[in-house]
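Chain and residue survey
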Amino acid sequence: MSKEHVQIFDTTLRDGEQVPGCKLNTEQKVIIAEQLDRLGVDVIEAGFPISSPGDFKSVVAISETVQNATVCGLTRAVPKDIEVAAESLRKAKKPRIHTGIGTSDSHIKFKFKSTRDEIIERAFKAVQYAKSFVEDVEFYAEDAGRTENEYLARVCEAAIKAGATVLNIPDTTGYCLPNEYGEKIKYLKENVTGIERAILSCHCHNDLGLATANSIEGAINGARQIECTINGIGERAGNTALEEIVMVLKQHPYINLDTNVNTQLLYETSQLVSNSMGIYTQPNKAIVGANAFAHSSGIHQDGVIKNRETYEIIDPKDVGVTESAIVLTARSGRAALAYRAKKVGYELTKLQLDDVYANFLIFADRKKEVADHDIHEIIETSNVYQQIASAS
């Protein structure tokens, strides 16, 4: 059975850049956009054009540069926003305007001081106006995660009637549980008149650590676009991590969904974004963290050395990492020490290894991690060094 395609909508340059202190200049944004295009994402949300002259300039530059992906600009449901976005996207090969409005009772009552019917009317007019500039219009129902499903369906129907090609269902506050979010997507898929004319999209935040799980559950229940960022960066606790979504779908073929992303560029892209934004990526970050393929426990190291799949479900090379790392610590066993010693030029017999290992443990207790240059010192101060030296 052929797999269905899930579009990857990357918002690193818009939602991701909203992390405090991580402002990018136009040149940096263009470099990242080019990398995202190489990576194979379907849509690049280049910015929020009306927010500042710099953001407008960046969206224009990205529109002129990107060759394959759709280039998207965000707006509020405000005519001037839409006009500015349309102008910034004028040179894009495949332009998209992303417009919308909050739909939860909290947003309607406190943010807009409005009514449900007025919000539906504003949503319709915003999409209709955006449609007069570009064919591809995405509508977002902000705080859809906390919006009552029947009302959300009415808003979606209005957006489709106005010409929306994509319906973004954001869990803006990261509140939903995976089954709740999946059921919301399923409800819309089954109850929105005209839904066959639009793609449902997931945009999940990570306030409770559920962004990836919610997005996957949304896709399983009918969404065919997932909005995400490199390294999961974004507002507050961040967004759905692109690398996690892509590898979940790749590693679970029975889900029967796939993307166009070249996974071997994931680590390279992660490093580019991290370095450009000055954001430290946590070592235990899934897929792209420094420790994602590192092993320090003796039991794990022995298993990985014998067969990588014993403790790794992903081949490091599949995401652009050269190889698994065997990290020497006081918890490492003989197999790991022999493996690393061989890497730096020592082929140890079993008896030699026993002697060197005793010396290693004394050394390792004093350090957090044993480096290659330390291995030379450990071996050279062991009782059997002369045997090892003469053998080599």
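All residue numbers refer to position in the chain's written sequence, counted from 1. pLDDT decides what is reported in this predicted model: residues at 70 or higher carry local features, side-chain atom pairs at 80 or more are listed and counted, and totals for whole chains, interfaces and linings draw on all residues regardless. By convention in this description, side-chain values take in all heavy atoms of the structure and omit both hydrogens and water.

**Regarding the overall build of the protein chain**
Here a strand is any run of E in DSSP of at least two residues, a helix any run of H or I of at least four, and the numbering for each starts at the N terminus. If you tally the helices and strands in the protein chain, you get 15 helices and 12 strands. Its C-alpha atoms put the protein chain at 85 × 40 × 40 Å along the principal axes. Put simply, the protein chain has 392 residues, and 55% of those count as buried. Surface accessibility in these figures is a Shrake-Rupley result with a 1.4 Å probe; residues are shielded only by whichever protein chains are displayed. When the accessible surface of the protein chain is summed, it comes to about 17,700 Å², and 51% of that surface belongs to carbon and sulfur atoms. Computed over 43 positive and 54 negative side-chain charges, the separation of the two mean positions in the protein chain equals 2 Å. Each residue gets one of three labels from its accessible area relative to the maximum for its type: buried under 20%, exposed over 50%, partly exposed in between, using a 1.4 Å probe on protein chains only. As used throughout, the charge tally considers Lys and Arg to be positive and Asp and Glu to be negative, leaving His and the chain termini uncounted. Charged side chains are reduced to one point each, which is NZ for Lys, CZ for Arg, CG for Asp and CD for Glu.

**Observations concerning the environment of Ile-220**
Residue position: Ile-220 is located in helix α8 (residues 211-220). Separated by 30 residues in the primary sequence, Ile-220 and Lys-250 have C-alpha atoms spaced 14 Å apart. Contact criterion: two residues are considered in contact whenever any of their non-hydrogen atoms come within 4.5 Å of each other. Excluding residues that lie within four positions of it along the chain, Ile-220 makes contacts with Ile-255 and Leu-257.

**Observations concerning the pairing of strand β5 (residues 95-102)**
Extensive coverage of β5 is indicated by the burial of seven of its eight residues. Pairing of β5 with strand β6 (residues 136-142), which is carried by seven bridges, proceeds in the parallel orientation. Among the inter-strand pairings, Ile-97 is bridged to a residue of β6, identified as Val-137. Two strands make a pair as long as DSSP finds a minimum of two bridges between them.

**Digging into the packing of aromatic side chains**
Between rings of Phe, Tyr and Trp, where Trp is taken as its six-membered ring, a pair exists when centres lie within 6.5 Å; planes separated by under 30 degrees are stacked, by over 60 edge-to-face, and by other angles tilted. In the structure shown here, the tally under the stated rule is two aromatic pairs. Each ring, one from Tyr-129 and one from Phe-133, has its centre 5.1 Å from the other, and the planes form 80°; the classification is edge-to-face.

**Description of the nonpolar core**
Leu-39, Phe-139, Leu-167, Ile-169 and Leu-242 are the most contacted members of the largest nonpolar core, which has 87 residues in total. At nine residues, helix α6 (residues 149-162) tops the list of elements feeding residues into this core. Residues in contact with Ile-169, not counting those within four places in the same chain, are Ala-144, Leu-152, Cys-156, Tyr-181, Lys-184, Ile-185, Leu-188, Leu-200, Ser-201, Cys-202 and His-203. Within the second largest apolar cluster, 20 residues are counted, among which are Leu-328, Ala-341, Leu-353 and Ala-364. Residues enter a nonpolar core if they are buried and are Ala, Val, Leu, Ile, Met, Phe, Trp, Tyr or Cys, with the set joined through side-chain atoms within 4.5 Å.

**A closer look at the pairing of strand β7 (residues 166-171)**
Most of β7 is tucked away, with six of its six residues classed as buried. Burial along β7 is two-sided: the residues Val-166, Asn-168 and Pro-170 and Leu-167, Ile-169 and Asp-171 are all buried. The sheet contact formed by β6 and β7 spans three bridges and is parallel. For Glu-138, the partnering residue across the bridge sits in β7 and is Val-166. By convention a crossover is right-handed if, when the strands point away from the viewer, the path from the first strand over the helix to the second runs clockwise. A crossover links β6 with its parallel partner β7, the connecting element being α6, and its sense is right-handed. One crossover worth recording links β7 to the parallel strand β8 (residues 199-204) by way of helix α7 (residues 178-191), and it is right-handed.

**Overview of the state of the cysteines**
Cysteine sulfurs are considered disulfide-paired once they come within 2.5 Å of each other. By the definition in use, this model includes zero disulfides. Note on Cys-202: no disulfide assigned, nearest cysteine sulfur contributed by Cys-204 at a separation of 5.5 Å. Judged by its relative accessible area of 0%, Cys-202 falls in the buried class. A relative accessible area of 0% places Cys-204 in the buried class.

**Observations concerning the packing of helix α2 (residues 53-65) against helix α3 (residues 79-88)**
Closest axis-to-axis distance for the α2/α3 pair is 8 Å, and the angle between their directions is 40°. In this view, α2 runs oblique relative to α3, as classed from their interaxial angle. On α3, the residues that touch Phe-56, Val-59, Val-60 and Ser-63 of α2 are Val-84, Glu-87 and Ser-88. For this scheme, ten residues count as nonpolar: Ala, Val, Leu, Ile, Met, Phe, Trp, Tyr, Cys and Pro. Four count as charged, namely Asp, Glu, Lys and Arg, and the remainder, Gly too, count as polar. Here the residues of the contact of α2 with α3 sort into four nonpolar, two polar and one charged. Only the stretch in contact is used when a helix axis is fitted, and all axes are lines through C-alpha atoms; the angle between N-to-C directions ranges over 0 to 180 degrees. Throughout this description, any angle smaller than 35 degrees is read as roughly parallel, any larger than 145 degrees as roughly antiparallel, any in the 65 to 115 degree range as roughly perpendicular, and the remainder as oblique.

**A few points about the sheet that holds strand β3 (residues 43-47)**
Adjacent strands of a sheet pair through backbone hydrogen bonds, lying either parallel or antiparallel. Taken in spatial order, the eight strands close into a barrel running β2-β3-β4-β5-β6-β7-β8-β9, and their pairing is parallel. On average, adjacent strands in this sheet sit at an angle of 25° to one another, irrespective of strand direction. Direction of pairing for strand β4 (residues 70-74) relative to β5: parallel, over a ladder of four bridges. Looking at β5, one finds that Leu-74 is bridged to His-98.

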